[in-house]
Amino acid sequence: MRDKVLYPTRQKENLLRGLLDDLNEAKDQKGLTYYAAFREVALSWLGYSEDQAPIIIDGANDRGFDAYRISRSEIDLFQFKSQDFQKKTSSLSIAADGQLLADIPRIVSFLQSADFSKEAKNRKLKAFVGQLQTGLRSVPDEEVVLVRLNLIILFDGLTTAARNELELHRKQNGIIKILGRDVVLEIDVYDVDRLLASKWRETNSQWVDATGQHSEWLTFHYQSRGSAYINDKTTLILYVRARDLIDAYRRFGYQIFEANVRCEITKSQVNDAIRQQVATEKGIDEFKLLNNGITIICVNRKQPNGGRLEIMQPQIVNGLQTVTSLFEAYDALSVEMQEYFDEKCFVLVRIYDQQSIPDVPKLVRATNNQNKMEQRNLRSNDPDQISFEREFAKLTWFYERKDFAWTAFERSPNQWTTLKKYKDRDFKVAGRQGRPTIRRVDNQDIGQHWLAFIGHVDDAAQRRRLIFDNDKYYARIFQSRVSKPAFDYQFQFSDPRAEEETVPSAPSAEALLLAHLTYRLAKENVLTSAKVREKIIVDRRFGNLTDDEIDQRLTKDPDYIKGLALSAGTFLFTELCGFLFLRAFGLDLYSKAALVLLNHTDMGPIYRSLNFETIKQKIAGEELKANDLFAMLWLLFENIVLSELAESDQWRNAFFTESSKPRIMYRESTRRRLLDRVVTLDEISSKRPLNYPFSVHFDKLGIVNHIKRIVKSY
């Protein structure tokens with residue numbers, strides 16, 4: 001069942017732009033196909049963490065579905081339908097026709113197979129069958145088994161004919177037999193609007209509901225029979241109608257969850273068990289007795305009266321799994337069961353006045369222990385992470401050491417005990433059109449960009465999730481100061497010389513921030529592969545040619561290849577900067593050098609206010625001054641990508657035959673080729689002019705020596 005109001009319509013353009021940005025990044029930066037990029041982004045936007053993501057089985061003989069997730073008596077099957085989102089973004093507003101439903105009969109037929117061993121020829125599909133058989137045997141006969149077929153589509157809903165066809169499939173397959181057992185089959189469609197709604201619920205941080213209306217007071221109904229509630233000056237305990245909690249989440253999304261606890265929202269067996277319980281009348285009747293209930297803090301509340309309670313700015317600190325699971329379960333119920341649920345389902349609720357809770361984060365930690373937290377959030381209170389938070393604050397940047405940290409801090413700076421002297425305004429600057437821009441960094445991004453900066457680009461691109469999961473990566477990033485780039489150690493992470501020459505001390509916040517901003521600069525300057533194509537077609541006046549003729553010419557065009565290479569290799573600019581700065585300063589980078597580079601070069605406007613326009617104008621052709629270092633380095637980077645890669649017939653042919661463009665960009669041979677050229681240009685420019693527009697300030701001095709001269713002058 002679809003939500004009547006999904007999200008504020010005035011936010012659709014921004015949400016859609018965010019979706020397209022994520023899709024383009026997944027395709028261009030990770031080298032994924034249109035389909036794989038959509039699959040990855042869609043699962044993320046629907047709330048599946050890496051640990052809880054469905055198992056992918058897409059491939060030959062997959063029997064129609066692309067992924068699955070089994071948890072006791074619930075089986076989720078996923079099918080993804082994408083399109084070329086880079087060529088025709090306007091097509092996202094087109095409804096999908098019945099062709100997208102063509103695999104439903106094939107999936108149902110497979111599930112009802114009498115002999116799975118004959119049907120399951122795909123290795124991953126055989127693993128699914130084994131889990132399915134084990135799961136069904138473990139569920140008591142009296143318990144309902146549910147199979148959800150989730151059709152996730154990059155389209156604006158279904159055409160009328162397709163909707164009618166979907167309803168017919170639902171009626172014909174409401175109950176199916178799997179291994180002789182009756183199983184409930186639900187078929188649900190997640191289109192673009194539902195993806196945008198899911199993201200809006202996750203990111204909403206204002207008391208603005210899905211209709212766009214501002215509202216701070218919420219009304220809840222409570223069970224008023226007998227001793228209806230326990231009430232004192234600071235605490236209220238009662239049974240609240242579950243439907244009201246669902247409606248609050250539908251209206252406000254994550255805003256109703258206290259920000260310190262949002263990092264624990266994930267898909268898990270705890271959630272599935274809750275959804276299973278409310279699938280029957282008996283489970284609904286017993287829910288208030290079997291569920292642990294929820295805990296809420298609020299700014300203000302009125303006295304309970306006649307079964308109604310009004311609360312100002314309610315924040316759930318314990319029970320978010322209950323609310324999100326009830327939300328998902330409710331929409332899957334029949335109309336009759338929804339009516340029964342509305343009347344009979346209640347949840348035990350404890351409500352505290354916010355002023356009576358001196359340490360909200362402590363309350364969150366004490367009352368949330370059902371779901372496994374991601375390693376990043378588990379490490380968020382480590383002394384080194386708290387230290388980085390404080391050191392970044394001195395630079396007027398907010399360091400997010402866990403999910404939703406900024407949201408929690410902005411809402412209640414006084415509750416953020418590790419930054420007692422700071423307010424949210426300390427991290428804000430005026431942005432475009434007067435809107436505030438927030439200087440904040442995510443510690444997982446910091447870790448990834450630092451890995452690239454010190455020369456471990458392949459690890460940065462491929463092993464982001466290991467930054468907090470793997471002690472080796474964590475120690476190298478957050479507890480060590482490398483003195484040389486990985487280039488000097490043959491790019492080997494565990495080279496004995498690197499271990500000997502690395503100081504066991506945390507890198508400075510300014511060095512980490514510098515690495516992060518070099519990546520941000522690269523991201524601002526590259527175009528998506530689709531935009532590169534459009535630009536070259538216009539510049540070369542290919543508009544009157546056929547698509548085949550255009551493709552033939554583009555594959556031989558060095559500027560086109562350069563644009564694609566830059567799009568697929570943004571980490572390489574960060575590596576180039578780290579290579580030069582470590583060559584120039586070694587361990588001194590962590591003290592004075594990094595801070596000078598942030599404050600006294602063309603990185604300054606980015607560092608102080610995230611203003612990229614000044615440096616873009618320099619790159620576009622304005623006269624370069626001696627301290628316009630990063631514009632020079634970007635132009636140097638473009639030059640070597642063009643000369644060493646795009647203009648090489650051999651490399652160009654390899655680039656087009658490689659299915660994953662980032663893979664060839666981050667290959668050791670490619671990176672060594674680029675950095676060898678930097679070394680050569682540094683040597684040449686120290687003796688004679690290179691005579692490039694960007695090299696005027698390091699001609700006859702050298703690139704590294706010019707960088708040293710900038711820092712030495714301050």
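Scroll up to find the structure.
Quick notes on the rules
- Residues numbered from 1 in each chain as written.
- Predicted model: local features only at pLDDT ≥ 70, side-chain atom pairs only at ≥ 80, totals over all residues.
- Heavy atoms only, no water.
- Helix = DSSP H or I, 4+ residues; strand = E, 2+ residues; numbered from the N terminus.
- Rg over C-alpha atoms; globule rule 2.2 N^0.38 Å.
- Buried < 20%, exposed > 50% of the residue type's maximum accessible area, 1.4 Å probe, protein only.
- Areas by Shrake-Rupley, 256 points an atom, 1.4 Å probe, with all protein chains shown as cover.
- Contact = heavy atoms within 4.5 Å.
- Pairing = 2+ DSSP bridges.
- Phe/Tyr/Trp six-rings, centres within 6.5 Å; stacked < 30°, edge-to-face > 60°.
- Expected span 1.5 Å × (residues − 1).
- Arc of directions from axis to C-beta.
- Salt bridge = Lys/Arg side-chain N within 4 Å of Asp/Glu carboxyl O.
- Polar contact = N/O pair within 3.5 Å; in protein donor to acceptor, adjacent residues only side chain to side chain.
- Core = buried A, V, L, I, M, F, W, Y, C linked by side-chain atoms within 4.5 Å.
- Axes fitted to C-alpha atoms, helices over the stretch in contact; angles between N-to-C directions.
- Parallel < 35°, antiparallel > 145°, perpendicular 65-115°, else oblique.
- Left-handed = near helix turned anticlockwise from the far one by under 90°.
- Nonpolar A, V, L, I, M, F, W, Y, C, P; charged D, E, K, R; others polar.

A.B. asks: Just to check I follow, could you spell out the overall build of the chain for this structure?
C.D. replies: Across its full length, the chain holds 34 helices and 18 strands. Relative to the 2.2 N^0.38 estimate, which gives 27 Å for 714 residues, the radius of gyration of the chain is 28 Å and therefore close to what a compact globule would have. Each of the three principal axes of the chain carries a C-alpha extent, and together these read 90 × 65 × 50 Å. Every one of the 714 residues in the chain was classed for burial, and the buried ones make up 56%. When the accessible surface of the chain is split by element, carbon and sulfur atoms take 47% of a total near 31500 Å².

A.B. asks: Explain the side chain of Asn639 here, please?
C.D. replies: When you line up the elements, Asn639 lands in helix α30 (residues 629–646). The residues contacting Asn639, other than those within four sequence positions of it, are Tyr692 and Phe694.

A.B. asks: Before we go on, may I ask you to explain the environment of Ser695 in this structure?
C.D. replies: By the element assignment, Ser695 lies in the loop between α33 (668–685) and α34 (703–712). Spatially, the C-alpha atom of Ser695 lies 61 Å from that of Thr160, the residues being 535 residues apart in sequence.

A.B. asks: Teacher, can you tell me more about the sheet that holds strand β3 (residues 74–81) here?
C.D. replies: Note: strands within a sheet are paired through backbone hydrogen bonds, in either parallel or antiparallel orientation. On the basis of which strands lie adjacent, the open sheet formed by six strands has the order β1-β2-β3-β4-β6-β5 and mixed pairing. Each end of this open sheet is capped by a strand with a single partner; those strands are β1 (55–56) and β5 (175–178). As judged from the seven bridges shared by strand β4 (residues 146–153) and strand β6 (residues 181–190), these two strands associate in the parallel manner. Across the sheet, residue Val147 finds its bridge partner in β6, namely Leu185.

A.B. asks: Even after reading the chapter, I still don't get the pairing of strand β2 (residues 67–71), so can you show me in this structure?
C.D. replies: When a strand is regular, its side chains alternate between the sheet's two faces. Counting buried residues in β2 gives five out of five residues, a clear majority hidden from the surface. Residues of β2 alternate between two faces, with Ala67, Arg69 and Ser71 on one and Tyr68 and Ile70 on the opposite face, all of them buried. Examined bridge by bridge, β1 and β2 share two bridges and lie antiparallel to one another. Residue pairing for β2: Ile55 is matched across the bridge by Tyr68.

A.B. asks: What exactly am I supposed to notice about the sheet that holds strand β7 (residues 217–221) here?
C.D. replies: Spatially, β7-β12-β11 is the arrangement adopted by the three strands of the open sheet, whose pairing is antiparallel. Here the strands that pair on one side only, and so sit at the sheet edges, are β7 and β11 (300–301).

A.B. asks: Would you explain the packing of aromatic side chains in this entry?
C.D. replies: For any pair of aromatic rings, geometry is given as the distance between the ring centres together with the angle between the planes. Scanning all chains against the criterion turns up 45 aromatic pairs. Geometrically, the ring pair formed by Tyr249 and Phe257 is tilted, given 5.7 Å between the ring centres and 40 degrees between the ring planes. Residue Tyr249 shares its accessibility class with Phe257, and that shared class is buried. Aromatic side chains Phe398 and Trp406 sit 5.2 Å apart centroid to centroid with 75 degrees between the ring planes, which places their arrangement in the edge-to-face category. With a relative accessible area of 1%, Phe398 lands in the buried category. Members of the aromatic cluster, joined through ring pairs, are Phe388, Phe392, Tyr399, Phe468, Tyr474 and Phe478.

A.B. asks: For this particular structure, what's the right way to read the pairing of strand β9 (residues 235–241)?
C.D. replies: Looking at chain direction, strand β8 (residues 229–231) and β9 are connected through three bridges and run antiparallel. Bridge pairing links Ile230 to Ile237 in β9. Where β9 lies against strand β14 (residues 346–353), seven bridges are found, and the strand directions are antiparallel. Bridging from a neighbouring strand, Leu238 pairs with Val349 of β14.

A.B. asks: I'm lost on α33 in this one. Help?
C.D. replies: Working note: α-helix, 3.6 residues per turn, so residues spaced by three or four point in the same direction. Between the first and last C-alpha of α33 there are 25 Å, a value that for 18 residues agrees with the 26 Å anticipated at 1.5 Å per step. Where α33 is concerned, the buried positions are Thr670, Arg671, Leu674, Leu675, Val678, Leu681, Asp682 and Ser685. Buried residues of α33, seen end-on, are gathered within an arc of 120 degrees and therefore sit on one face of the element. For α33, the secondary structure elements touched by its buried residues are α18 (457–462), α26 (570–585), α30, α31 (649–657), α32 (661–665) and α34.

A.B. asks: Quick question: what am I supposed to make of α34 here?
C.D. replies: Looking at α34, one finds that the buried residues are Ile703, Val704, His706, Ile707, Ile710 and Val711. Looking down the long axis of α34, one finds its buried residues gathered within 165 degrees of arc, a one-sided arrangement.

A.B. asks: Honestly, the pattern of salt bridges in this entry has me stumped. Any pointers?
C.D. replies: Pairing between side chains becomes possible if they bear opposite charge and their charged atoms approach one another. This model, assessed by the stated rule, comprises 51 salt bridges. Note that Lys30 is salt-bridged to Glu40, the shortest N-O span being 2.5 Å. Of this pair, Lys30 sits in helix α1 (residues 12–30) while Glu40 is found in helix α2 (residues 34–45), placing the two residues ten residues apart along the sequence. Taking the relative accessible area as the measure of exposure, Lys30 reaches 45% and is therefore partly exposed. A residue is classified by how much of its surface remains accessible, and Glu40, at 34% relative accessible area, is partly exposed. For Glu524, the salt bridge goes to Lys616, with nearest N and O atoms at 3.1 Å. With Glu524 in helix α22 (residues 509–525) and Lys616 in helix α29 (residues 613–619), the pair connects residues that are 92 residues apart, well separated along the chain. A network of salt bridges, in which partner residues are shared, links Glu74, Asp76 and Arg148.

A.B. asks: Help me out: how do you make sense of the side chain of Asp557 in this one?
C.D. replies: For Asp557, the position within the fold is in the loop between α24 (547–554) and α25 (558–568). We classify Asp557 as buried; its relative accessible area is 7%. For Asp557, the side chain forms a polar contact with the side chain of Arg540, separated by 2.8 Å. Once you skip the residues sitting within four places of it in the chain, Asp557 turns out to touch Ile536 and Arg540.

A.B. asks: I tried to follow the nonpolar core on my own but got confused; where do I start?
C.D. replies: Most often, soluble globular proteins keep nonpolar side chains buried together rather than apart. By size, the foremost hydrophobic cluster in this structure holds 105 residues, and its most contacted members are Phe392, Leu580, Phe581, Phe630, Leu633 and Met665. With 14 residues, α30 is the largest single contributor of residues to this core. Setting aside its immediate chain neighbours within four residues, Phe392 contacts Trp397, Tyr399, Val441, Ile446, Ala509, Leu512 and Leu513. One finds Phe220, Val240, Leu245 and Phe252 within the second-largest nonpolar core, a separate group that totals 42 residues.

A.B. asks: Whenever I open this one, the environment of Phe427 confuses me. Can you help?
C.D. replies: Tracing the sequence through the fold places Phe427 in the loop between α16 (405–411) and β16 (428–430). With a relative accessible area of 0%, Phe427 lands in the buried category. With 181 residues separating them in the primary sequence, Phe427 and Arg608 have C-alpha atoms 9.9 Å apart. In this structure, Phe427 is in contact with Ala393, Thr396, Trp397, Phe398, Trp406, Phe409, Tyr422, Thr437, Ile438 and Arg439, ignoring residues within four places of it in sequence.

A.B. asks: Mind showing me how you'd approach the environment of Tyr473 here?
C.D. replies: Inspection of the secondary structure assignment puts Tyr473 in helix α20 (residues 471–478). Since its relative accessible area comes to 5%, Tyr473 is described here as buried. The residues touching Tyr473, leaving out its near neighbours within four places in the chain, are Leu451, Asp459, Arg463, Leu466, Ile467 and Phe493.

A.B. asks: Sorry, what's going on with unusual backbone geometry here?
C.D. replies: Note: most residues except glycine have negative phi, and most peptide bonds are trans. Its identity as a non-glycine residue notwithstanding, Gln490 has a phi of 55 degrees, on the positive side. Structurally, Gln490 can be placed in the loop between α20 and α21 (496–501). We note that Phe491 has phi near 65 degrees; this positive angle belongs to a residue other than glycine. Tracing the backbone shows Phe491 in the loop between α20 and α21.

A.B. asks: Honestly, the packing of α1 against α2 in this entry has me stumped. Any pointers?
C.D. replies: Pairs of packed helices are described in terms of their axes, by the angle between the two and the distance that separates them. Between α1 and α2, whose axes approach to 9 Å, the crossing angle comes to 130 degrees. Relative to α2, the element α1 is oriented oblique. Crossing of α1 over α2 shows right-handed handedness. Packed against α1, whose contacting residues are Leu15, Gly18, Leu19, Asp22, Leu23, Ala26, Lys27 and Lys30, the element α2 presents Tyr34, Ala37, Phe38, Glu40, Val41 and Trp45 at the interface. The residue inventory of the contact of α1 with α2, partitioned by class, reads nine nonpolar, one polar and four charged.

These figures come from the coordinates and say nothing about function on their own.
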